[in-house]
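# Descriptive analysis of the structure
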Amino acid sequence: MNTWIILTAAVAVIGGLAGTLYLRKRAQIMAKYKRRPTVDPVPAPVVTPGTTGVATRDFEGKVAIVTGGGTGLGRCIALGLARRGAKVVVASRKIENLQTVADEITAAGGEAMPYAFDVRNYNEVEALLAKTKEKFGRVDILVNNAAGNFYIPAENLTPNGWNAVVGIVLNGTWYCSHVVGNEMIKQRNGQILNIVANYAWSGQPGVVHSCSAKAGVLAMTRTLAVEWGGYGLRVNAFAPGAMVTDNASANLKYDSPNAQEMIKKIIPVGRLTSPEEMAETALFMMSPTAAYMNGEVLTADGGAWLPRGWMDLVDKDGKPK
Ligand code: NAP
């Protein structure tokens with residue numbers, strides 16, 4: 001009887017020990033694979049557009065058109081191109097914003113022309129090209145950055161709302177690409193950078209119009225890269241992450257009480273980005289360093305669009321959450 005009790009106790013102790021060891025090991029493995037807890041993110045670098053990079057005058061002698069160049073990312077790309085040597089046409093509807101950016105460029109010793117136009121009007125796009133050639137003689141770079149967007153559940157989106165966004169993003173990008181691309185084909189030289197977003201391939205509830213338009217722009221990018229590569233053109237797309245710009249902040253309420261916690265959960269690197277930081281990546285894509293890049297989409301979103309995986313279903317001890 002005593003032997004029986006001792007044996008049972010021994011089995012229980014060994015079993016308990018083995019179980020504890022197993023659970024501890026499993027917890028270690030799970031912790032390794034789990035997304036990092038919300039630590040303080042690595043701070044964003046302080047970036048002045050156009051001051052970094054290997055060769056800081058690598059756009060010398062180039063002429064660039066930046067649509068939507070009066071605000072946000074477009075403004076930072078325009079400033080960066082100018083500080084690295086390009087002559088820049090900043091084009092959108094509101095001449096006051098464009099004039100301010102052009103003044104910033106000239107004050108820094110660069111050359112710029114503000115031009116008011118509506119990207120949805122093909123004739124106005126043709127006039128933009130004519131004015132660019134009149135002022136600077138040619139065009140080497142087109143940045144299709146102009147966009148419009150607003151949050152709305154898909155079931156409430158009206159045909160007018162759909163057409164407004166698709167008209168600017170998809171049609172506008174095509175009109176500019178067609179008009180300016182034909183000029184570049186004549187020159188046998190030039191490049192187009194289309195600004196998209198990661199939801200062009202992931203989708204994004206609340207902005208079905210913008211997702212659909214950006215997906216179209218991405219398909220356009222790849223198509224033109226192949227059709228026009230032989231004419232000496234390269235066509236690429238850039239998908240920046242969530243930037244703190246006036247318009248995006250107003251739409252997405254970045255300053256709401258829960259925003260910072262949500263951002264840490266949604267974006268693996270734990271922070272938003274800035275148009276200044278994103279402009280540097282866009283400039284890299286257009287620079288001679290990336291001369292062999294064609295038909296590519298480059299994403300700089302802190303890993304935001306990537307799946308989190310099934311490991312998130314369990315807690316740090318490997319138990320269901
Ligand atoms: P933004 O400040 O709102 O700039 C959009 C620009 O487009 C404005 O300067 C606007 O100028 C111009 N525009 C709008 N409608 C136009 C029209 N019909 N004709 C000509 N120009 C027009 O935007 P952003 O936040 O810098 O975004 C820049 C790009 O990045 C966009 O393509 C956007 O989709 C993309 N993106 C943004 C984010 C983000 O978090 N902000 C994330 C991913 C991708 P006017 O009003 O003067 O016309």
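What this report covers is the structure whose coordinates are included nearby. Bear in mind that the values here come from a model prediction, so they are computed numbers and not experimental data. (Residues numbered from 1 in each chain as written. Predicted model: local features only at pLDDT ≥ 70, side-chain atom pairs only at ≥ 80, totals over all residues. Heavy atoms only, no water.)

### Some remarks on the environment of Glu261
Looking at the secondary structure, you find Glu261 in helix α9 (residues 259-266). Considering only alpha carbons, one finds Glu261 and Arg271, ten residues apart in sequence, at a separation of 9.8 Å. (Helix = DSSP H or I, 4+ residues; strand = E, 2+ residues; numbered from the N terminus.)

### Considerations on the site of the ligand
Within the structure, the ligand sits among 26 residues, and Thr71, Leu73, Ser92, Arg93 and Asn247 are positioned closest to it. Contact distances for the ligand include 3.3 Å between an oxygen atom and a backbone N or O atom of Ala147. With the chains in place, 90% of the 880 Å² that the ligand exposes on its own is no longer accessible. Contributions of two or more residues to the shell around the ligand are made by α2 (72-83) and α8 (246-252). In the shell around the ligand, the residues fall into 13 nonpolar, eight polar and five charged. (Near = heavy atom within 4 Å. Polar contact = N/O pair within 3.5 Å; in protein donor to acceptor, adjacent residues only side chain to side chain. Areas by Shrake-Rupley, 256 points an atom, 1.4 Å probe, with all protein chains shown as cover. Nonpolar A, V, L, I, M, F, W, Y, C, P; charged D, E, K, R; others polar.)

### Comments concerning helix α3 (residues 95-107)
Along its 13 residues, α3 runs 18 Å from first to last C-alpha, staying within 8% of the 18 Å computed at 1.5 Å per residue. Listed in full, the buried residues belonging to α3 are Leu98, Val101, Ala102 and Ile105. Buried residues of α3, viewed axially, fall in a sector of 100 degrees; they line one side. Those residues of α3 that are buried are in contact with α2, β2 (87-92) and β3 (111-116). At the exit of α3 stands Gly109, carrying a positive phi of roughly 95 degrees. (Expected span 1.5 Å × (residues − 1). Buried < 20%, exposed > 50% of the residue type's maximum accessible area, 1.4 Å probe, protein only. Arc of directions from axis to C-beta. Contact = heavy atoms within 4.5 Å.)

### Observations regarding the packing of helix α5 (residues 159-187) against helix α7 (residues 208-229)
Contact geometry for α5 and α7: axes closest at 8 Å, N-to-C directions at 15 degrees. In terms of axis orientation, α5 runs roughly parallel to α7. Our pair here, α5 against α7, has a crossing hand that is right-handed. Facing α5, whose interface residues are Gly161, Trp162, Val165, Val166, Val169, Leu170, Thr173, Trp174, Ser177, His178, Gly181 and Ile185, α7 presents Val208, His209, Ser210, Ser212, Ala213, Lys214, Gly216, Val217, Met220, Leu224 and Trp228. Broken down by class, the residue content of the contact of α5 with α7 amounts to 13 nonpolar, nine polar and one charged. (Axes fitted to C-alpha atoms, helices over the stretch in contact; angles between N-to-C directions. Parallel < 35°, antiparallel > 145°, perpendicular 65-115°, else oblique. Left-handed = near helix turned anticlockwise from the far one by under 90°.)

### A short note on the environment of Ile195
Relative to the assigned elements, Ile195 resides in strand β5 (residues 190-195). Distance in space between the C-alpha atoms of Ile195 and Thr173 is 9.4 Å, their sequence separation being 22 residues. Not counting residues within four places of it along the chain, the set of residues in contact with Ile195 comprises Leu73, Ile77, Val143, Asn144, Asn145, Lys214, Phe238 and Pro240.

### So, helix α4 (residues 122-136)
Between the first and last C-alpha of α4 there are 21 Å, a value that for 15 residues agrees with the 21 Å anticipated at 1.5 Å per step. The complete set of buried residues in α4 reads Val125, Leu128, Leu129, Thr132 and Phe136. In an axial view of α4, the angular spread of the buried residues amounts to 95 degrees, which keeps them on one side of the axis. Residues of α4 that are exposed and point more than 90 degrees away from the buried face comprise Asn123 and Glu134. Among the structural elements, β1 (63-67), β2, β3 and α5 are those in contact with the buried residues of α4. Put simply, Asn121 is the residue that caps the front of α4, since its side-chain oxygen is 3.0 Å from the backbone nitrogen of Asn123. Backbone geometry just downstream of α4 places Gly137 in the positive-phi region, at approximately 90 degrees.

### Describing the pattern of salt bridges
Here the structure, examined in full by the defined rule, presents ten salt bridges. Taking the shortest distance from any N to any O, the salt bridge between Arg57 and Glu60 comes out at 2.9 Å. Look at Arg57 and you get partly exposed, because its relative accessible area is 46%. Residue Glu60 is classed as partly exposed on the basis of its relative accessible area, which comes to 48%. With its nearest N and O atoms 3.9 Å apart, the salt bridge here joins Glu280 to Arg84. Remark: Arg84 occurs in the loop between α2 and β2 and Glu280 occurs in helix α10 (residues 275-286); sequence separation between them is 196 residues. For the pair formed by Glu280 and Arg84, the shared burial category is buried. Ionic contacts of the salt-bridge type, sharing partners, join the residues Asp58, Arg84 and Glu280 into one network. (Salt bridge = Lys/Arg side-chain N within 4 Å of Asp/Glu carboxyl O.)

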